[in-house]
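Coordinates in review
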Amino acid sequence: MDETPLDPPPPAADGRLPGSVPDAAGPRPVRCRMCGRPLTGTASRRTGLGPACDAKLHPPAPEIRTRRREAEQDPLPGI
């Protein structure tokens, strides 16, 4: 049995290999995982959620009072 090595396909006229995707003009399009809208912001692209969908999943934390209010009390008898 004679085995001949497979020859690679000839390159296209512009030097690209057949089947390769041409370089895109910008960053790869990323879509929101919930609604499918295209994401443009860096933080949104990193998380995979748009600002509206992120707000639905992660609502803002409730306000927590850190200052204590002093209550008026009568003095303890005997002290």
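Fair warning: this is a prediction, and the values are worked out from it, not measured in the lab.

Some details on the overall build of the protein
- Along the protein, the regular secondary structure elements total two helices and two strands.
- In sequence order, the secondary structure elements of the protein are arranged as β-β-α-α.
- When the 79 residues of the protein are sorted by exposure, 10% land in the buried category.
- Contacts in the protein between residues far apart in sequence, at least 24 positions, make up 0% of those at least 6 positions apart.
- When the accessible area of the protein is evaluated, it comes to approximately 8,300 Å², of which 56% is carbon and sulfur surface.

Some details on the side chain of Ser-44
- Relative to the assigned elements, Ser-44 resides in helix α1 (residues 42-47).
- Judged by its relative accessible area of 15%, Ser-44 is buried.
- Apart from the residues lying within four places of it in its own chain, the contact partners of Ser-44 are Leu-39, Leu-49, Gly-50 and Pro-51.

Some thoughts on the nonpolar core
- Counting five residues, the largest nonpolar core consists of Val-30, Cys-32, Leu-39, Leu-49 and Cys-53.
- Setting aside chain neighbours within four positions, we find Cys-53 in contact with Cys-32, Met-34 and Cys-35.

So, the environment of Cys-35
- By the element assignment, Cys-35 lies in the loop between β1 (30-31) and β2 (38-39).
- By relative accessible area, which is 40% here, Cys-35 ends up partly exposed.
- For the pair Cys-35 and Cys-53, spaced 18 residues apart in sequence, the C-alpha separation works out to 7.5 Å.

What about the confidence of the model for the protein?
- Confidence in the prediction for the protein averages 77 pLDDT; 61% of positions are at 70 or higher.
- No element of the protein has a lower mean pLDDT than α1, at 91, and none a higher one than β2, at 94.

Remarks on the state of the cysteines
- For the structure on display, the rule yields zero disulfides.
- The closest cysteine sulfur to the non-disulfide-bonded Cys-35 is located on Cys-32, 3.7 Å from its own sulfur.
- For the unlinked cysteine Cys-53, the closest cysteine sulfur is that of Cys-32, found at 3.6 Å.
- Taking the relative accessible area as the measure of exposure, Cys-53 reaches 5% and is therefore buried.

Quick notes on the rules
Residues numbered from 1 in each chain as written. Predicted model: local features only at pLDDT ≥ 70, side-chain atom pairs only at ≥ 80, totals over all residues. Heavy atoms only, no water. Helix = DSSP H or I, 4+ residues; strand = E, 2+ residues; numbered from the N terminus. Buried < 20%, exposed > 50% of the residue type's maximum accessible area, 1.4 Å probe, protein only. Contact = heavy atoms within 4.5 Å. Areas by Shrake-Rupley, 256 points an atom, 1.4 Å probe, with all protein chains shown as cover. Core = buried A, V, L, I, M, F, W, Y, C linked by side-chain atoms within 4.5 Å. pLDDT = per-residue confidence, 0-100. Disulfide = S-S within 2.5 Å.

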